[in-house]
Amino acid sequence: MAVREILLLGNPRLYDACEPVEEEESHTFNSTVQDLHDTLMQFREQYRAGRAIAAPQIGVMKRLIYMKIKEPVVFMNPFSIRKVRK
């Protein structure tokens, strides 16, 4: 739909906590996912780099990630499990 401005490292909005995507609203993110795709593809064309982009990077403060390596993949509410070394 649209190439959006990418918020750069240091932008205070990138340090805000994001809201989770609720199940009942997940179907409303088609335009955001399209914007993430368009923005990532334009970034790749310009810089020849980039595999993923998160919604907060385009100002959408939701836990949503768009990744395209071979096929596009969308992650909603991702989390990581960290191993703690003793």
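Residues numbered from 1 in each chain as written. Predicted model: local features only at pLDDT ≥ 70, side-chain atom pairs only at ≥ 80, totals over all residues. Heavy atoms only, no water.

## A closer look at the overall build of the protein chain
Looking only at helices and strands, one finds 1 helix and 3 strands in the protein chain. Starting at the N terminus and ending at the C terminus, the protein chain contains elements arranged as α-β-β-β. Taken along the three principal axes of its C-alpha coordinates, the protein chain extends 45 × 35 × 30 Å. Long-range contacts, defined as pairs at least 24 residues apart, comprise 54% of the intrachain contacts of the protein chain with a sequence gap of at least 6. Total accessible area computed for the protein chain in this model is approximately 6,700 Å², and 53% of it derives from carbon and sulfur atoms. (Helix = DSSP H or I, 4+ residues; strand = E, 2+ residues; numbered from the N terminus. Contact = heavy atoms within 4.5 Å. Areas by Shrake-Rupley, 256 points an atom, 1.4 Å probe, with all protein chains shown as cover.)

## Points about the packing of aromatic side chains
Counted by the stated rule, this structure contains 1 aromatic pair. Where F43 meets Y47, the ring centres are 4.7 Å apart and the plane angle is 40 degrees; that geometry is what we call tilted. Linking F43 with Y47, this pair stays in helix α1 (residues 30-47), spanning 4 residues, or about one helical turn. Of the residues examined, F43 reaches a relative accessible area of 28% and is grouped as partly exposed. (Phe/Tyr/Trp six-rings, centres within 6.5 Å; stacked < 30°, edge-to-face > 60°. Buried < 20%, exposed > 50% of the residue type's maximum accessible area, 1.4 Å probe, protein only.)

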